[in-house]
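Report on the structure
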Amino acid sequence: MANKQKDRKTEKAKLNEQRAKQAAKLKFRKQFIPLMVAVTLWIITSMILHLPSIKNEVATFFINFTINSSILFGKIFFIPIASPLFPHLTVGGYHMQVVMECTAYNFYIFVFFLSLLSPVSLKQRLLTLLIFLVAVFVVNNLRFVTVGYIGAYSQELFHLVHDYLWNILFGFLVFLIWVWRYNKTSDVETSNQ
């Protein structure tokens, strides 16, 4: 009799362990498959935007948007930012040429897919997208201000900060917002069930 109870407990423990493993696999899929799809769509979209037939128009759109938003940002915060000639931008007297890669278009595209493919409600996806877009917009404008002033101080430091530091910071920003929003929305949706 004691052996049968022990066998039942062992079988029940094994069943619970299998269920826990299945739940972990499902959670993993729910979290990371949308992330992988977002990365794939981001790569495909980036490749399409670089097609020779549309690349110049796409670049002009993003560069115009970036220059105009930087000038607006400068006016709001009383920072001397001007565009004497397209596609150039002057910050605090330091002259920079804006190219497509300076526009953070990669991050805008990636956060679009990342937000809309997140495994949460549509309302949470749209709110997350809004948070991402505002964050990328503000940080990209701060990037122009800081690298402009750094460039006026040191050309070598300008390239180091522009080429490496800001790209790393953008990556961390996107990752941290995604983790924050995903955990926040997962907690909300779990409590609603």
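In case you missed it, the structure is sitting above this.
Residues numbered from 1 in each chain as written. Predicted model: local features only at pLDDT ≥ 70, side-chain atom pairs only at ≥ 80, totals over all residues. Heavy atoms only, no water.

This paragraph deals with the sheet that holds strand 2 (residues 88-91). Pairing within the open sheet is antiparallel, and its three strands lie in the order 1-2-3. Of all the strands in the sheet, the pair left with one neighbour each is strand 1 (81-82) and strand 3 (94-97). Contacts from helix 4 (residues 122-153) reach strand 1, strand 2 and strand 3, with the element oriented near 125 degrees to strand 3. (Pairing = 2+ DSSP bridges. Helix = DSSP H or I, 4+ residues; strand = E, 2+ residues; numbered from the N terminus. Contact = heavy atoms within 4.5 Å. Axes fitted to C-alpha atoms, helices over the stretch in contact; angles between N-to-C directions.)

Residue position: His162 is located in helix 5 (residues 155-192). Side-chain polar atoms of His162 contact the side chain of Asp163, separated by 2.9 Å. (Polar contact = N/O pair within 3.5 Å; in protein donor to acceptor, adjacent residues only side chain to side chain.)

Below, the discussion takes up the layout of surface pockets. Unoccupied space between atoms shows up once a probe the size of one water molecule is rolled over them. By volume, the largest pocket amounts to about 280 Å³. Lining the largest pocket we find 16 residues, and of these Glu101, Ala104, Asn106, Phe107 and Asn167 sit closest to its centre. Elements supplying a minimum of two residues to the lining of the largest pocket: helix 3 (105-116), helix 4 and helix 5. At six residues, helix 5 tops the list of elements feeding residues into the lining of the largest pocket. (1 Å grid on protein atoms, 1.4 Å probe; cavity = no way out; pocket = protein on both sides within 12 Å on 5 of 7 lines; lining within 4 Å. Points joined across faces, edges and corners; volume = space filled by probe spheres on them.)

We now examine empty space enclosed by the protein. Applying the stated criterion across every chain, the model contains two cavities of 30 Å³ or more. The space that makes up the second largest cavity amounts to roughly 30 Å³. Forming the walls of the second largest cavity are Gln31, Pro34, Leu35, Leu114, Leu117, Ser118, Pro119 and Trp178. Here the element with the most residues in the lining of the second largest cavity is helix 1 (residues 2-49); it accounts for three residues. Among the residues forming the lining of the second largest cavity, the class breakdown is six nonpolar, two polar and no charged. (Nonpolar A, V, L, I, M, F, W, Y, C, P; charged D, E, K, R; others polar.)

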